[in-house]
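Analysis of the macromolecular model
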There are 2 protein chains.
Amino acid sequence: MAEKELHTEDKIIDAAREVFVEKGMAGARMQEIADKAGINKSLLHYYFRSKEKLFDAILSQVIGGIGSMFGTMMQEGVSIENKVKLFVDTYIEVFQLNPFLPNFILNEITRNPDGFIELFSRSSIEPQKFFEPLDKQLKLEGYSIHPHDFIINTLSMTIYPVAVKPILKRFLFDGDEQQYNAYINSRKESVYTFIMNALSGYKI
Amino acid sequence: MAEKELHTEDKIIDAAREVFVEKGMAGARMQEIADKAGINKSLLHYYFRSKEKLFDAILSQVIGGIGSMFGTMMQEGVSIENKVKLFVDTYIEVFQLNPFLPNFILNEITRNPDGFIELFSRSSIEPQKFFEPLDKQLKLEGYSIHPHDFIINTLSMTIYPVAVKPILKRFLFDGDEQQYNAYINSRKESVYTFIMNALSGYKI
DNA sequence: GTCTATACGGCGATAGAC
DNA sequence: GTCTATCGCCGTATAGAC
């Protein structure tokens, strides 16, 4: 049973994720997915009836992956300081490893908001599950900032710099990939500091 | 000479901007642009040789618009406090009026970074022109934060919430557009406060 | 399950009349 | 400058052999 070869369906999923995440629904080509999976174009339709269905499968998977991290990080009882540290570290890491991910999600949210929300709802992710513990913890530690602002500001600062990678790389680091990566890494520390500095202004 | 009717070329530009900004290069259709401009599809090719050329015209225009704001806001001699206020106010306003703009730019940066950088370079925008005064002012007022971090964090927090509008609208405000807009408006104040709170932690 | 061949429609682009 | 008609390609999807 120990096969080295992935089954066809898995090969398709892997290839499709790569192409869809990089190019988006409109930009992706079934041919490119087939080539990357090392199979024939018509096999794609054999396993998944249409491009749309294949895309949905990928999007669900991506949403699930992102969301599951959210949950574990925002558990009850964890201090704000540790929440921020964990959150920033994890997401910066993930986005650095998958530089097309932020844009893919952002793009899909605008392109087809209803479809995104639909898949998101099916995904067993419950936003309340991390909003409530966060709200509770903020109050407990005496921070008067609204949890919405807190979470949105934090997310913004971790996602944005990756979404504009080519621009930053070019204009801040003269096109040097290493310098850019070093900078993104340094943000694990600096964003954390920035947020904690900000928070101290909300201490009651 | 006082014509009410726009000339054809302007009608095309307006229609094309609307469609391209909403759907992106791959998602946009020449037919839709023609319909929106109230003209025939082949006229598009008469004025602009190809879809690509039309797209470039739009992208240049958009880049120019965004960039020119940057410059005026980051003038020398303006206090950090006022820079932040002006910056946040202006950009939140612009993005609220053009909710597809953030995604369009972000998407294009990833899709064709070289093309974007090329057009950006032709646009007479010089990033140094606002980095230097900012750097100077931060030092003058005794803030030890790196200008890169400052500008990226500020940009992040103004752009991101608009780029994920459908999600926020749905999950924070149960789909209510008015509430979402009110929230975005409230961020003019809250982001300013957040940043100034953060900055006070960098005071030497 | 996997391949080859092909149908079918959509889209960018051109030709040519007015 | 603006229109109608049409070309030719490309991309999704299906038919059918193996």
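Here, the structure is the one placed above.
In short, a report on the structure.

**A word on helix α11 (residues 177-200) of chain B**
- The end-to-end C-alpha distance of α11(B), which contains 24 residues, comes to 34 Å, matching closely the 34 Å that a straight helix rising 1.5 Å per residue would cover.
- A bend of about 40° at B:R187 is the largest found in α11(B).

**Digging into the interface of chain B and chain A**
- Each partner contributes to the interface: chain B provides 43 residues, whereas chain A provides 43 residues.
- At the boundary of chain B and chain A, one finds 2 salt bridges.
- A salt bridge links A:R187 to B:D149, with the shortest nitrogen-to-oxygen separation between them at 3.6 Å.
- At the surface where chain B touches chain A, the tally comes to 9 residue pairs in polar contact (both at pLDDT 80 or more).
- For the side of chain B that touches chain A, the secondary-structure elements that each account for two or more residues are α1 (8-27), α6 (101-111), α7 (113-122), α8 (127-140), α9 (147-163), α10 (165-173) and α11 of chain B.
- A total of 11 residues in the side of chain B that touches chain A trace back to one element, the largest contributor, which is α9(B).
- Looking at the side of chain B that touches chain A residue by residue, the class counts come to 29 nonpolar, 11 polar and 3 charged.

**Describing the protein's contact with DNA strand C**
- Taken together, 14 residues lie near DNA strand C, and A:T8, A:N40, A:S42, A:Y47 and B:K51 sit nearest.
- Take the atoms of DNA strand C that sit within 4 Å of the protein: sugar and phosphate atoms are 60% of them.
- The contact in question runs from a phosphate oxygen of DNA strand C to an N or O atom on the side chain of A:T8, over 2.9 Å.
- Take B:M30: an N or O atom from its main chain is 3.0 Å from a phosphate oxygen of DNA strand C.
- The element best represented in the surface near DNA strand C is helix α3 (residues 41-47) of chain A, accounting for 4 residues.
- Looking at the surface near DNA strand C, its residues break down into 5 nonpolar, 6 polar and 3 charged.

Procedures and definitions
- Residues numbered from 1 in each chain as written.
- Chains lettered and ligands numbered in written order.
- Predicted model: local features only at pLDDT ≥ 70, side-chain atom pairs only at ≥ 80, totals over all residues.
- Heavy atoms only, no water.
- Helix = DSSP H or I, 4+ residues; strand = E, 2+ residues; numbered from the N terminus.
- Expected span 1.5 Å × (residues − 1).
- Bend = angle between axes of the 7 residues up to and from the residue.
- Contact = heavy atoms within 4.5 Å.
- Salt bridge = Lys/Arg side-chain N within 4 Å of Asp/Glu carboxyl O.
- Polar contact = N/O pair within 3.5 Å; in protein donor to acceptor, adjacent residues only side chain to side chain.
- Nonpolar A, V, L, I, M, F, W, Y, C, P; charged D, E, K, R; others polar.
- Near = heavy atom within 4 Å.

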